[in-house]
Amino acid sequence: MKYDIKDPGLKEKGVLKTEWANMAMPVLNSIKKRFEKERPLDGLTLAACLHVTTETASLAITLNAGGAKVLLCASNPLSTQDEVAAALVTEYEIPVFAIKGEDDDTYYDHINAVIDEKPQITLDDGADLVSILHSKRQENLPNIIGGTEETTTGVIRLNSMANAGVLKYPIVAVNDASTKHFFDNRYGTGQSTIDGVVRATNRLIAGSVFVVCGYGWCGKGLAMRASGMGANVIVTEVDPLMALEAVMDGFRVMPILEAAELGDFFVTVTGDIHVINVECFDKMKEGAVVANSGHFNVELDLDGLENITKSKREIRDYVVEHSLKNGKRIYILGEGRLINLASAEGHPSAVMDMSFANQALCVEYIMKNHEDFDNKVFPVPKRIDNESARLKLESMGIIIDKLTKEQRKYLESWEMGT
Ligand code: ADE
């Protein structure tokens, strides 16, 4: 079996950590049990470009149980948990191509390595795998029957490809399922980003000014959690509706250039480029801490920052101090890469449970229905979304009401008023 990981000897810790995560993933486990019996993915080869975490290990093991051969590469150079990669290779015989801290060339070599195995379905987080398949590895496109996409940034890229008429196979946008973004993007990013910032810095959040750039689902979750820890939260936005929502949620809203002078912490979660630019870096207070929790590190203009930096040093793991030409020092966390995965462990298993239940069910859905699909980006069927929610509630022991006959009739009628 081919693979490329840091050290197979890290296996023991990886197996234990995966077992721990798996205990909080009952929905995925119930799917795994069904997959073991029904083997709906028999004979399929899947290439997954995902963050190599304990939760992803549970997904890969589930897909494997359904009969698929699964190959895994990283969807970010800094998000791999090396011990999990070791566990997957040595304990579960799942080939992994991922090493935490790999350089860009190795990152793309690893994507190419999973493509070499001629996958039929792709699972992507950020659309780098799809992008390489459509640019440098087009000869493999005819094998592929469909794919899934995990994150907002990837869905945006894929919609651009579909709109330009260049997308060559159908993709299901797992990110857009309600049981994904209402929970993973909001509560997952909210908690794991604070976790990443705190693990990297060990600084106090209470009483600080915490600037959240972007008020999508991730920004909403992060602002809520930062506020819950006692921060004075400022939100920056470009979308009037979302800005209004942030105002009514009780946050100060202002342009980033104004916020730049006030913040103790800055975190970008926008999915766009150069949200914090050189002018902002130049205006920041002495000691400001800056991180990104959006998919790509382009949200921070790091090249621009280099131009106004006099000297820099790594002052602790994941914290680089930039001494600026203006005499102030600012701190960049985790090279501007997703801080929740760079210095912490990503979203907690309990939210990934629903995200990855959707992934597993969507792979099965593609397997069964791909012949009916055009080369477009598809929503997750309501049936799958509802099933993930139902199973999650069931696993939590929560019972909900059912509509009575009278209530159903009322909802279906229009005649009855006051
Ligand atoms: N994305 C965010 N958190 C994650 C996790 N724990 N595992 C996989 N992908 C993630």
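Look a little higher up for the structure.
Thresholds, definitions, all that
Residues numbered from 1 in each chain as written. Predicted model: local features only at pLDDT ≥ 70, side-chain atom pairs only at ≥ 80, totals over all residues. Heavy atoms only, no water. Helix = DSSP H or I, 4+ residues; strand = E, 2+ residues; numbered from the N terminus. Buried < 20%, exposed > 50% of the residue type's maximum accessible area, 1.4 Å probe, protein only. Areas by Shrake-Rupley, 256 points an atom, 1.4 Å probe, with all protein chains shown as cover. Lys, Arg positive; Asp, Glu negative; His and termini not counted. Charge placed at Lys NZ, Arg CZ, Asp CG, Glu CD. Patch = residues over 30% accessible without salt bridge, like charges linked within 9 Å, V, L, I, M, F, W, Y side chains within 5 Å. Salt bridge = Lys/Arg side-chain N within 4 Å of Asp/Glu carboxyl O. Near = heavy atom within 4 Å. Polar contact = N/O pair within 3.5 Å; in protein donor to acceptor, adjacent residues only side chain to side chain. Nonpolar A, V, L, I, M, F, W, Y, C, P; charged D, E, K, R; others polar. Contact = heavy atoms within 4.5 Å.

Trainee: Any chance you could break down the overall build of the protein chain for me, citing the residues and the numbers?
Mentor: Scanning the protein chain from N- to C-terminus turns up 17 helices and 15 strands. Expressed as lengths along the three principal axes of its C-alpha atoms, the size of the protein chain is roughly 70 × 65 × 45 Å. Buried positions account for 54% of the 418 residues belonging to the protein chain. Carbon and sulfur atoms form 52% of the exposed surface of the protein chain, whose accessible area is close to 18900 Å². Within the protein chain, one finds 44 positive and 60 negative side-chain charges whose respective centroids are separated by 3 Å.

Trainee: Could you give me a rundown of a nonpolar patch on the surface, with the residues and numbers involved?
Mentor: On the surface, a nonpolar cluster with roughly 370 Å² of combined accessible area is contributed by Leu244, Val247, Met248 and Val253. Here the element with the most residues in the nonpolar patch is helix H10 (residues 240-248); it accounts for three residues. When you line up the elements, Val247 lands in helix H10.

Trainee: Could you give an account of the site of the ligand, with specific residues and numbers?
Mentor: As a structural note, the neighbourhood of the ligand is formed by His51, Thr53, Glu55, Thr56, Leu341, Glu345, Gly346, His347, Met352 and Phe356. Here a nitrogen atom of the ligand and a side-chain polar atom of Thr53 are 2.7 Å apart. The backbone of His347 places a nitrogen or oxygen atom 2.8 Å from a nitrogen atom of the ligand. Relative to its unbound accessible area of 260 Å², the ligand is 95% covered by the protein chains. Considering only residue class, the shell around the ligand consists of three nonpolar, five polar and two charged.

Trainee: Residue-level account of the side chain of Asn358, with values.
Mentor: Tracing the chain through its elements places Asn358 in helix H15 (residues 349-369). Aside from chain neighbours lying at most four places away, what touches Asn358 is Val174, Ala177, Thr179, Lys180, Val380, Ile384, Asp385 and Ser388.

Trainee: Before we move on, can you summarise helix H6 (residues 128-135) with the specific residues and values?
Mentor: Most of H6 is tucked away: six of the eight residues are buried. Asp128, Leu129, Val130, Ile132, Leu133 and His134 are the residues of H6 that are buried. Lining the buried residues of H6 we find strand E1 (45-49), helix H5 (104-116), strand E4 (121-124), helix H7 (152-163) and strand E6 (171-173).

Trainee: Explain unusual backbone geometry to me, and be specific about the residues and the numbers.
Mentor: A positive phi angle, near 50 degrees, is found at Arg39, a position not held by glycine. Checked against the element boundaries, Arg39 lands in the loop between helix H2 (26-38) and E1. In this structure Arg39 comes out as partly exposed when scored by relative accessible area, which is 36%. The phi torsion at Ala127 lies on the positive side, around 75 degrees, for a residue other than glycine. Relative to the helices and strands, Ala127 is located in the loop between E4 and H6.

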